[in-house]
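Residue-level structure breakdown
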Amino acid sequence: MLWVVESVLIVLSVVAAIWLRAHADPEGRDWLFARGPVPALLVAACLTLSMAAFGLYQSHLRLRRSELLLRLLLAFAFGGVALLVLYYLIPATHIGRGLLAITFALGFAGVLAVRIAMDRLLGGEAYKRRVLVYGAGVHADLINLRMRRRADRQSFAVVGFLPVPGQPVVVESRLLLETLESLPCLVQRLGVQEIVVAPDERRGGLPMDEILACAQRGVSVVNLPSFFEREAGMIKLEVVDPSSLVFSGGFDHSLVRRLSKRAFDIAAASVLLLVGWPAMLLVALAVHLEGGGPVLYRQVRVGESGRCFELVKFRSMRTDAEKDGVAQWATQQDARTTRVGRFIRKTRLDELPQLFNVLAGDMSFVGPRPERPQFVDQFNDEIRYYSVRHSVKPGLTGWAQLRYPYGASAADAQEKLKFDLFYVKNHGLLFDFIILVQTVEVVLFGRGAR
């Protein structure tokens, strides 16, 4: 919704700029309007894509006012550069420097005003979906533990937790709904719009007749795994079971999806290679000059269906980083990392050779990050559903990289798996494109690098 509002706002900024710029020149104004909506739509597309690349459409991201202002400035600057390149390649789309400057000024002010207004208006409880949680045990309390921030609850407000008779209560008492009313009466009195079914034990513990009565009145009913998947963009391992994964849909491996994903991989990798080859040459030269030795580093990783392949990166560590032959996690301020290596790891330049893995078909552009066989064997034994992430090709970037920092332990691997499973279950061409655009923000702000 925010993207639509801001796209319309930027298009209107172009229209307003034409009126302001050509108010004394009716013929010029009519000529500009006669060109149709394409120039205005191109401006809106470039600016909103740039804003997406800077993380301004990530619902989970909390930004202070100063951070919002900085990201907007950078987004408009990069969007302006993209438009100048486009105008150079396709002169017919050009709208004039003066007109573009007025458009940017109006658009920036309008977008900033919309962001501030929506933060104030939609932050109120009246604009959120009213949710009642049926359950007050360990599972239900995961909502308080995992989605406690305001940014996590932008679309819903929990009116309370209704304990299940005979089951332990873990949720704080101030959040409980103690009532003798039937569930339908309670839902109607509190204006509940959705019931999240979250008991610790489901067998014999659900008043299905009352829940059905609520559903017949238009109240949405979802289980806890589906609620987490929708609101947090993850598969919550503590509450998911095989049946909920099997019967909830997703896991698209149709021929159309496979072909579209392969076409996307080839196109994205080719474009990035075309743009990034000068940087790759400079990185290779820097790695060689710092200490000699091989420029590239090859390492066996686990790919789709558990098959192993050889991943290629620019070498960022000393040649004797694993001289004892034991696989090790990278750590903060890792002493094995070279000076050039620290820079290229921070900027993700060390991963550019993986584009050849993508073109070869060993990897996809978007997907779960490939792990080493030693770690995969360990995680398959320790982490439930870990093997599911290998049902798709590993990726150069992915949903888990956007939502979780660098993983350096089994606990981190389990947390990242929640997002990897969400991607595996819901992957699609549009989702891949969104992840690709938002990866720009991760690289520019250095989140998660180690």
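Cut-offs applied
Residues numbered from 1 in each chain as written. Predicted model: local features only at pLDDT ≥ 70, side-chain atom pairs only at ≥ 80, totals over all residues. Heavy atoms only, no water. Helix = DSSP H or I, 4+ residues; strand = E, 2+ residues; numbered from the N terminus. Contact = heavy atoms within 4.5 Å. Areas by Shrake-Rupley, 256 points an atom, 1.4 Å probe, with all protein chains shown as cover. Pairing = 2+ DSSP bridges. Axes fitted to C-alpha atoms, helices over the stretch in contact; angles between N-to-C directions. Parallel < 35°, antiparallel > 145°, perpendicular 65-115°, else oblique. Left-handed = near helix turned anticlockwise from the far one by under 90°. Nonpolar A, V, L, I, M, F, W, Y, C, P; charged D, E, K, R; others polar. Patch = residues over 30% accessible without salt bridge, like charges linked within 9 Å, V, L, I, M, F, W, Y side chains within 5 Å. Salt bridge = Lys/Arg side-chain N within 4 Å of Asp/Glu carboxyl O. Buried < 20%, exposed > 50% of the residue type's maximum accessible area, 1.4 Å probe, protein only. Core = buried A, V, L, I, M, F, W, Y, C linked by side-chain atoms within 4.5 Å. Expected span 1.5 Å × (residues − 1). Polar contact = N/O pair within 3.5 Å; in protein donor to acceptor, adjacent residues only side chain to side chain. pLDDT = per-residue confidence, 0-100. Phe/Tyr/Trp six-rings, centres within 6.5 Å; stacked < 30°, edge-to-face > 60°. Lys NZ or Arg CZ within 6 Å of the ring centre and 35° of its normal.

1. Regarding the overall build of the protein chain
The helix and strand inventory of the protein chain stands at 17 helices and eight strands. Long-range pairs, those at least 24 residues apart, make up 75% of the contacts in the protein chain with a sequence separation of at least 6. Surface accessibility of the protein chain: about 22,800 Å² in total, with carbon and sulfur atoms responsible for 62%.

2. Focus: the sheet that holds strand β3 (residues 194-197)
Read across the sheet, four strands follow the order β2-β1-β3-β4 without closing on themselves; strand pairing throughout is parallel. Of all strands in the sheet, those bounded by a partner on one side alone are β2 (156-162) and β4 (220-223). For this sheet, the mean inter-axis angle between neighbouring strands, taken without regard to orientation, is 25°.

3. Regarding the packing of helix α1 (residues 2-21) against helix α3 (residues 38-53)
The contact between α1 and α3 brings their axes to 9 Å, and the two run at 135°. Between α1 and α3, the crossing angle belongs to the class labelled oblique. Between α1 and α3 lies a crossing of right-handed hand. Along the contact surface, α1 presents W3, E6, S7, I10, V11 and V14, while α3 presents A40, L41, V43, A44, L47, T48 and M51. Considering only residue class, the contact of α1 with α3 consists of 10 nonpolar, two polar and one charged.

4. A closer look at the packing of α3 against helix α5 (residues 97-121)
Running from amino to carboxyl end, α3 crosses α5 at an angle of 50°, the nearest separation of the two axes being 12 Å. With respect to each other, α3 and α5 are oriented oblique. Between α3 and α5 lies a crossing whose hand is right-handed. Only L100, T103, F104, V111 and R115 of α5 make contact with α3, whose side of the interface consists of V43, L47 and M51.

5. Here's the deal with a nonpolar patch on the surface
Residues V81, V85, Y88, L89 and I90 make up a contiguous nonpolar surface patch of about 550 Å² in total accessible area. Inspection of the secondary structure assignment puts Y88 in helix α4 (residues 65-89). What makes Y88 exposed here is its relative accessible area of 69%.

6. Here we look at the nonpolar core
If you look at the biggest cluster of nonpolar residues, it comprises 63 residues, and the most contacted ones within it are V133, F365 and W399. It is helix α11 (residues 255-291) that contributes the most residues to this core, seven residues altogether. Residue contacts for W399: discarding those within four places in its chain leaves G233, F419, F422, Y423, F431, I435 and Q438.

7. A look at α3
The periodicity of an α-helix, 3.6 residues per turn, causes residues three or four places apart in sequence to face the same way. Helix length check: α3 (16 residues) gives 22 Å between terminal C-alpha atoms against 22 Å at 1.5 Å per residue, within 8%. Remark: G55 follows α3 within two positions and exhibits a positive phi of approximately 75°.

8. Here's the deal with the side chain of R153
Positionally, R153 belongs in the loop between α6 (138-146) and β2. Owing to a relative accessible area of 18%, R153 belongs among the buried residues under this scheme. Side-chain polar atoms of R153 contact the side chain of N144, separated by 3.2 Å. What R153 contacts, discounting residues up to four positions off in sequence, is K128, I143, N144, M147, R148 and V158.

9. Topic: the confidence of the model for the protein chain
For any part of a model where pLDDT is low, the fine detail of the predicted coordinates should not be relied upon. Mean pLDDT over the protein chain stands at 85; residues scoring 70 or higher make up 88%. Element-level pLDDT for the protein chain is lowest in helix α2 (residues 26-34), with a mean of 66, against a maximum mean of 96 in β3.

10. What about the packing of aromatic side chains?
Applying the stated rule across the entire model yields 10 aromatic pairs. Between the aromatic rings of F379 and Y386, the centroid separation amounts to 5.2 Å while the plane-to-plane angle is 65°, which identifies the pairing as edge-to-face. One exposure class covers both F379 and Y386, and it is buried. Of the aromatic side chains, those joined through ring pairs into one cluster are W399, F422, Y423 and F431. Here the basic side chain of K236 rests over the ring of F228, its NZ or CZ set 5.5 Å away from the ring centre.

11. A look at the pairing of strand β6 (residues 308-314)
Across the seven residues of β6, five count as buried, placing the element largely inside the fold. Looking at chain direction, strand β5 (residues 296-302) and β6 are connected through seven bridges and run antiparallel. Across the sheet, V302 pairs through a bridge with C308, a residue of β6. Hairpin connection of β5 to β6: five residues between the antiparallel strands, including S305 at a positive phi of 60°.

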